[in-house]
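# Examination of the molecular architecture
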Amino acid sequence: GETELEIIVYKADYFKIIGVENLNETLENHQLQLSTMKNSPYYATFATSINFWMKTLNDIVECMDASLLVQQQWMYLESIFKGSDHIRKQLPEETKLFEGVHRGWLDVMGTANQIKNVQKVFTQPGLVKRLAAFNADLEKIQKNLAQFLAGKRKAFPRFYFLSDQDLLEILANAKDPLAVQPHINKLFVGIQKMVLKENKFNAKKWDAVGMTSKDKEEVAFNSPYLIDGEVENWLKGIEACQCDTLRRQTKLAMHKLHKNKKNAHNPSVLNSWIDGFPGQMLITTGQIHWSIRCEESLGAVKVRKEMRNLKKD
């Protein structure tokens, strides 16, 4: 009856329940003692008191479990709905629902912090029903949030490579490409980061002008791409820029190599070609060039063989 709830300050403005392991152990010990008493031949003498405490302990356990469940979900969603105006605008109904739970939970924790006594906190009339309502609302928000994230992943499939937490961080910073940079290498294998420059017509916006590999190789896009709008849309645009740029670089590398195919092994020609294009394009076009030269050589052998047969005839 004298056990106090451990509550600490959370994020300066909130309260959080901690140390429930010791509390659970204490409650289990008390429940075990009451069960032993109930099986005692002297149970009838103390039945009223034993039954009262058994019910009280069960109520405390039920209410505490409900509180911890609400606290866990609230902490996760609070960082989402209180930390990002962008997500709040994207999910107005869920934001309104969360605000109601948020106010109610702060009221519950404020009262708990004042009372502290475990029995008094977790046996308040109507608290279990109130917590159950909070939990139902939070589960609804979680479900709708999951559907929202699924829609984002469908719009830009590379989001499937990310955890929910990473995706939410990207969505929360949709207007800030610098904050999205740390996740680029998770979305595009081999690309460490985007090369960004301030847009010359709008200092608040950014242009993606290229990409950098993990080996520090930088490839400039064919033309700058203005980062604007929903994050899945501008990431899709950057992906298209990557494909267009590499396609053009492949064609240019192939053209230069094929134009000088007779002197392809000349050191100066080879070094000029190597210095002028990204490594991936060099490997690809080098293999294409090798295949073409093999076909030409094999074709030449076949022609010479046919000429020898004609001479024999």
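Summary of the structure given here. Source: prediction; values computed, not measured. Here the residue index of a chain counts from 1 through its sequence in written order. For a predicted model such as this one, the threshold for reporting local features is a pLDDT of at least 70, and the threshold for listing and counting side-chain atom pairs is 80 or more; totals across whole chains, interfaces and linings nevertheless cover every residue. Based on all heavy atoms of the structure, the side-chain values leave hydrogens and waters out of the count.

## Brief notes about the nonpolar core
Nine residue types can take part in a nonpolar core, namely buried Ala, Val, Leu, Ile, Met, Phe, Trp, Tyr and Cys, and a core is a set of them joined through side-chain atoms within 4.5 Å. Relative accessibility decides the category of a residue: with a 1.4 Å probe and only protein chains considered, values under 20% of the type maximum give buried, values over 50% give exposed, and everything between is partly exposed. Within the largest apolar cluster, 64 residues are counted, with the highest numbers of intra-cluster contacts made by Phe122 and Phe159. In terms of residues, this core owes the most to one element, helix H2 (residues 43-81), which gives eleven residues. Setting aside residues up to four positions removed in sequence, Phe122 forms contacts with Leu5, Leu23, Asp59, Ile60, Cys63, Met64 and Ser67. In this structure, Ala253, Leu257, Trp273 and Leu282 belong to the second largest nonpolar core, which totals five residues. Per the convention used, a helix needs a DSSP run of H or I reaching at least four residues, while a strand needs a run of E reaching at least two, with both numbered from the N terminus. Here, two residues are considered to be in contact whenever any of their heavy atoms come within 4.5 Å of each other.

## As for the pattern of salt bridges
Whenever Lys or Arg places a side-chain nitrogen within 4 Å of a carboxyl oxygen from Asp or Glu, that contact is recorded as a salt bridge. Counting across every chain of the model gives twelve salt bridges. Put simply, Arg153 and Asp164 hold a salt bridge, and the shortest N to O gap is 2.9 Å. With Arg153 in helix H6 (residues 127-155) and Asp164 in helix H7 (residues 164-172), the pair connects residues that are eleven residues apart, well separated along the chain. Taking relative accessible area as the criterion, Arg153 reaches 11% and is therefore assigned buried. Owing to a relative accessible area of 36%, Asp164 belongs among the partly exposed residues under this scheme. Across the pair Lys205 and Asp228 runs a salt bridge, and its minimum N-O distance is 2.9 Å. With Lys205 in the loop between strand E3 (191-198) and strand E4 (206-213) and Asp228 in the loop between strand E5 (218-227) and helix H10 (231-259), this pair connects stretches of sequence that are 23 residues apart. The structure contains a network of salt bridges with shared partners spanning Lys82, Arg88 and Glu99.

## Brief notes about the pairing of strand E1 (residues 6-10)
Strands are treated as partners if at least two bridges between them are detected by DSSP. For E1 and strand E2 (residues 14-18), the ladder comprises five bridges, and the chain directions are antiparallel. Counterpart to Ile8 in the pairing with E2 is Lys16. Turn length for the E1-E2 hairpin, with the two strands adjacent in sequence and antiparallel, is three residues, and the turn residue Lys11 shows positive phi of about 50°.

## Quick word on the packing of aromatic side chains
Whether two aromatic rings pair depends on their centres lying within 6.5 Å, for rings of Phe, Tyr and Trp, where Trp uses its six-membered ring; planes under 30 degrees apart make the pair stacked, over 60 edge-to-face, and the rest tilted. The tally for this structure, following the rule as stated, stands at eight aromatic pairs. An aromatic cluster of at least three residues, connected via ring pairs, comprises Tyr10, Tyr14, Trp74 and Trp105.

## Some points on helix H4 (residues 92-115)
To estimate the expected span of a helix, count its residues, drop one, and scale the result by 1.5 Å. The end-to-end C-alpha separation of H4 is 35 Å, in line with the 34 Å expected for 24 residues at 1.5 Å each. Taken from the residues just after H4, Lys116 is the one with a positive phi, measuring 70°.

## Structural notes on the sheet that holds E5
The antiparallel open sheet is built from three strands, whose spatial order is E3-E4-E5. If you trace the sheet from one side to the other, it starts and ends with E3 and E5, each paired once. Averaged over all neighbouring strand pairs, the angle between strand axes comes to 25°, with direction disregarded. Where E3 lies against E4, seven bridges are found, and the strand directions are antiparallel. Its bridge partner being in E4, Leu196 is matched across the sheet by Ala208. To get an axis, fit a line to the C-alpha atoms, keeping to the stretch in contact for a helix; angles then go from 0 to 180 degrees between the N-to-C directions. Along the sheet, H10 contacts E3, E4 and E5; its crossing angle with E5, the most-contacted strand, is approximately 145°.

## Things to note about the side chain of Lys152
Along the chain, the position of Lys152 falls in helix H6. Residue Lys152 is classed as buried on the basis of its relative accessible area, which comes to 7%. Counted as a polar contact is a pair of N or O atoms within 3.5 Å, where, for protein atoms, one must be capable of donating a hydrogen and the other of accepting one, and residues adjacent in sequence contribute only when both atoms are in side chains. Separated by 3.4 Å, the side chains of Lys152 and Gln90 make a polar contact. The contacts of Lys152, once residues within four sequence positions are left out, are Gln90, Phe159, Leu171, Glu230 and Glu232.

## Details of the environment of Gln242
Relative to the elements of secondary structure, Gln242 occurs in helix H10. For Gln242, a relative accessible area of 9% corresponds to the buried category. Sequence spacing of Gln242 and Gly299 is 57 residues, and the spatial spacing of their C-alpha atoms is 37 Å. Each residue touching Gln242, except ones within four places of it in the same chain, is listed here: Phe188, Ile191, Met211 and Phe221.

## Some remarks on the environment of Phe201
On the secondary structure map, Phe201 appears in the loop between E3 and E4. Judged by relative accessible area, Phe201 falls into the exposed class, the value being 73%. Along the chain, Phe201 and Ala132 lie 69 residues apart, while their C-alpha atoms are 53 Å from each other.

## Brief notes about the packing of H2 against H6
Running from N to C, H2 and H6 point in directions that differ by 35°, and their axes come no closer than 9 Å. In this structure, the crossing between H2 and H6 has a hand that is left-handed. Here Glu62, Cys63, Ala66, Ser67, Leu69, Val70, Gln73, Trp74, Tyr76, Leu77, Ile80 and Phe81 of H2 come into contact with H6, specifically with Leu127, Val128, Leu131, Phe134, Asn135, Leu138, Glu139, Ile141, Gln142 and Leu145. Following the grouping adopted for this structure description, the nonpolar residues are Ala, Val, Leu, Ile, Met, Phe, Trp, Tyr, Cys and Pro, the charged ones are Asp, Glu, Lys and Arg, and the polar ones are all others, Gly among them. The residue makeup of the contact of H2 with H6, split by class, is 16 nonpolar, four polar and two charged. Here is the rule for handedness: rotate from the far helix to the near one, and if that takes an anticlockwise turn smaller than a right angle the crossing is left-handed, while a clockwise turn gives right-handed.

Interpretation in functional terms is not warranted from these geometric data alone.
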